[in-house]
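Observations on the three-dimensional arrangement
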Amino acid sequence: MVTDRPRVLSGIQPTSGSFHLGNYLGAVRQWVALQDSHDAYYMVVDLHAITVEQDPATLRANTRASVAQLLGMGLDPERCTLFVQSHVPEHAQLGWVMNCMAGFGEAARMTQFKDKSAKQGSDRTTVGLFTYPILQVADILLYQADQVPVGEDQRQHVELTRDLAERFNHRYGPQPTFTVPSPYILKETAKVFDLQDPTAKMSKSASSAKGLVNLLDEPRVSAKKFRSAVTDTGTVVSFDEKEKPGVSNLLGIYSAISGRSVAELVEHFEGKMYGALKTELADAFSEWVAPIQERTQAYLDDPAALDEVLARGAEKARSVASETLATVYDRIGFLAAKR
């Protein structure tokens with residue numbers, strides 16, 4: 001399908017059975033909105049998931065659950081291209097080419113590799129973890145993406161993509177092979193912090209599961225986490241990220257899921273204590289997440305429908321990816337296979 005809308009590409013790893021609230025508010029909510037203004041390509045990046053050891057059955061289940069949740073959260077196969085990364089072999093093929101374009105020093109400077117390898121130790125750190133930013137480059141360039149929706153902490157990955165795209169274009173010109181993408185940084189993206197440590201970003205790697213709100217958890221489980229969330233000294237409900245990070249985090253979450261401004265919520269809770277905020281937020285979250293859980297379960301209960309979505313998504317993705325890879329192979333000098 002030819003469109004004059006700018007193209008975006010983004011992905012999410014299937015590293016658990018449930019996405020958390022930070023995944024939705026920090027990324028997927030924006031993906032849903034971009035379906036109407038962009039030619040959107042979204043993928044579950046299972047190739048990236050195996051940079052650390054995975055149980056095969058769990059990986060398959062998590063991948064299906066990830067796709068079902070993305071659909072449940074509002075991605076529409078009629079308005080975007082949704083697929084699983086490993087269903088499009090061109091990702092790995094272009095990944096090797098870009099490995100050969102990237103410098104060792106460039107890969108070594110990637111912040112996330114340095115952080116993760118420091119935690120895991122050199123003996124447990126895989127070569128795949130070292131080179132996964134290069135595969136991420138291939139993910140983006142395959143689809144000639146104009147923009148890449150990322151948080152500020154992912155800007156470095158887009159800069160690497162731009163560098164390698166320009167390098168390839170210069171080396172194998174004169175016609176450019178790749179679109180040089182720009183980061184699509186959403187300044188208004190909701191920041192969601194750990195309920196037990198409101199100075200840390202909500203993450204599945206949190207030290208305590210009590211601070212993580214999973215979208216597929218039973219409502220009573222999430223409600224208990226909100227009610228036991230760490231707040232701050234004092235009793236006045238006000239928004240001050242520096243002095244009151246705990247209360248500010250709860251207000252930010254409440255605002256994001258309700259559509260009410262933080263100022264409106266602060267006024268609403270005037271004269272009330274923290275307990276009222278926690279109780280109302282727990283109830284609001286339960287009401288907000290229920291339709292997402294229902295839509296997700298409907299897809300999980302209908303494997304054939306889910307498979308059909310993925311088959312159509314992979315076909316659409318490959319129609320673009322195969323064309324890009326063929327151009328790359330020709331310009332780099334590979335011998336064309338005769339049929």
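Values in this document were obtained by computation on a predicted structure and should not be read as measured data. (Residues numbered from 1 in each chain as written. Predicted model: local features only at pLDDT ≥ 70, side-chain atom pairs only at ≥ 80, totals over all residues. Heavy atoms only, no water.)

Considering the overall build of the protein
Keep this limit in mind: Think of it this way: any DSSP run of H or I at least four residues long counts as a helix, any run of E at least two long counts as a strand, and we number them from the N terminus. Between the two quantities, the radius of gyration covers C-alpha atoms and the globule rule is 2.2 Å times the number of residues to the power 0.38. Accessibility here uses a 1.4 Å probe with only protein chains present; expressed as a share of the type maximum, an area under 20% marks a residue as buried, one over 50% as exposed, and anything in between as partly exposed. Any two residues having at least one pair of non-hydrogen atoms within 4.5 Å are treated as being in contact. The accessible surface values rely on the Shrake-Rupley method and a 1.4 Å probe; as for residues, cover is taken only from the protein chains in view. Counted as positive: Lys and Arg. Counted as negative: Asp and Glu. His and the chain ends are not counted at all. Throughout, a charge is located at the NZ atom of Lys, the CZ atom of Arg, the CG atom of Asp or the CD atom of Glu.
Counting secondary structure elements, the protein contains 13 helices and 5 strands. Against the globule reference of 20 Å for 339 residues, the protein gives a C-alpha radius of gyration of 21 Å, in line with a compact fold. A principal-axis box enclosing the C-alpha atoms of the protein has dimensions of 75 × 45 × 40 Å. The burial tally for the protein puts 45% of its 339 residues in the buried class. Taking as baseline every contact in the protein between residues at least 6 positions apart, the subset at least 24 positions apart corresponds to 75%. With an accessible surface of roughly 16,800 Å², the protein has 52% of that area assigned to carbon and sulfur atoms. Across the protein, the 36 positively charged side chains and the 42 negatively charged ones have centroids separated by 4 Å.

Regarding the packing of helix H9 (residues 219–227) against helix H12 (residues 274–300)
What describes two packed helices is the angle between their axes and the distance between those same axes. Heads up, the rule is: Geometry is summarised by axes, namely lines fitted to C-alpha atoms with helices restricted to the contacting stretch, and by angles between N-to-C directions that run from 0 to 180 degrees. Should an angle fall under 35 degrees it is called roughly parallel, over 145 degrees roughly antiparallel, and 65 to 115 degrees roughly perpendicular, with every other angle called oblique. The handedness criterion is simple: a crossing whose near helix is rotated anticlockwise from the far helix by less than a right angle is left-handed, and one whose near helix is rotated clockwise is right-handed. Throughout, the ten residues Ala, Val, Leu, Ile, Met, Phe, Trp, Tyr, Cys and Pro are labelled nonpolar, Asp, Glu, Lys and Arg are labelled charged, and all others, Gly among them, are labelled polar.
Where H9 meets H12, the axes come as close as 9 Å, and the angle between the chain directions of the two elements is 150°. Compared by their axis directions, H9 and H12 come out roughly antiparallel. With respect to the hand of their crossing, H9 and H12 are arranged in right-handed fashion. Counted together, Pro219, Ser222, Ala223, Phe226 and Arg227 of H9 and Lys278, Leu281, Ala282, Phe285, Ser286 and Gln293 of H12 form the full contact between these two elements. Here the contact of H9 with H12 is composed, by residue class, of 6 nonpolar, 3 polar and 2 charged.

Quick look at the packing of aromatic side chains
Rules: Two rings from Phe, Tyr or Trp (for Trp, the six-membered ring) form a pair when their centres sit within 6.5 Å of each other. Planes less than 30 degrees apart are called stacked, planes more than 60 degrees apart edge-to-face, and all others tilted.
Going through the model one piece at a time under the given rule, you end up with 11 aromatic pairs. Ring centres 4.8 Å apart and planes at 85° place the aromatic pair Tyr329 and Phe334 in the edge-to-face group.

Let's talk about the UniProt feature "binding site: L-tryptophan" (unreviewed entry) in the protein
In plain terms, the rule: UniProt positions are given in the numbering used here, feature names are shortened, and annotations may be inferred rather than shown by experiment. As used in this structure description, the phrase polar contact means that two N or O atoms lie within 3.5 Å; if the pair is within protein, one of them must be able to donate a hydrogen and the other to accept it, and residues adjacent in sequence are counted only when both atoms belong to side chains.
With numbering aligned to this structure, UniProt lists the feature "binding site: L-tryptophan" (unreviewed entry) at Asp139. Residue placement: Asp139 occurs in helix H7 (residues 127–142). On the accessibility criterion, Asp139 (2% relative accessible area) is buried. Within polar-contact distance, the side chain of Asp139 engages the side chain of His48 at 2.7 Å.

Overview of the pairing of strand E1 (residues 7–12)
Look at any regular strand and the pattern is simple: side chains alternate between the two faces of the sheet. Going by this rule: At least two bridges found by DSSP between two strands is the condition for calling them paired. We call a crossover right-handed when, viewed with the strands running away from us, the connection from the first strand over the helix to the second turns clockwise.
Burial runs high along E1: 5 of the 6 residues are buried. Pairing analysis gives 6 bridges linking E1 to strand E2 (residues 39–44), with the strands arranged parallel. Residue Ser10 lies in a different strand from E2, and its bridge partner there is Tyr42. With respect to chirality, the unit in which E1 leads through helix H1 (residues 21–34) into the neighbouring parallel E2 is right-handed.

What about the side chain of His91?
As for its placement among the helices and strands, His91 is situated in helix H4 (residues 90–99). Residue classification places His91 among the buried positions, given a relative accessible area of 0%. Side-chain polar atoms of His91 contact the side chain of Asp139, separated by 2.7 Å. Once you skip the residues sitting within four places of it in the chain, His91 turns out to touch Met43, Leu47, Phe83, Gln85, Leu135, Ala138, Asp139, Leu142 and Tyr143.

Examining H1
So the rule is basically this: To estimate how far a helix should reach, multiply one less than its number of residues by 1.5 Å. Note that bend, as reported per residue, equals the angle between axes fitted to the 7 residues terminating at that residue and the 7 residues originating from it.
Taking 1.5 Å per residue, 14 residues should reach 20 Å; H1 reaches 19 Å between its end C-alpha atoms and fits that length. Remark: the principal bend of H1, roughly 40°, maps to Ala27. When H1 is considered as a whole, its buried residues turn out to be Leu21, Gly22, Tyr24, Leu25, Val28, Gln30, Trp31, Val32 and Leu34.

Some details on the nonpolar core
One recurring pattern in soluble globular proteins is that nonpolar side chains are buried together. The line we're drawing: For this analysis, a nonpolar core means a set of buried residues of the types Ala, Val, Leu, Ile, Met, Phe, Trp, Tyr and Cys, connected via side-chain atoms within 4.5 Å.
Ranked by internal contacts, the top residues of the largest apolar core, which has 53 residues, are Leu21, Leu70 and Phe226. With 9 residues, the single largest contributor to this core is H12. Leaving out residues up to four positions away in the same chain, Leu21 has contacts with Met202, Val213, Leu215, Phe226, Ile253, Phe285 and Trp288.

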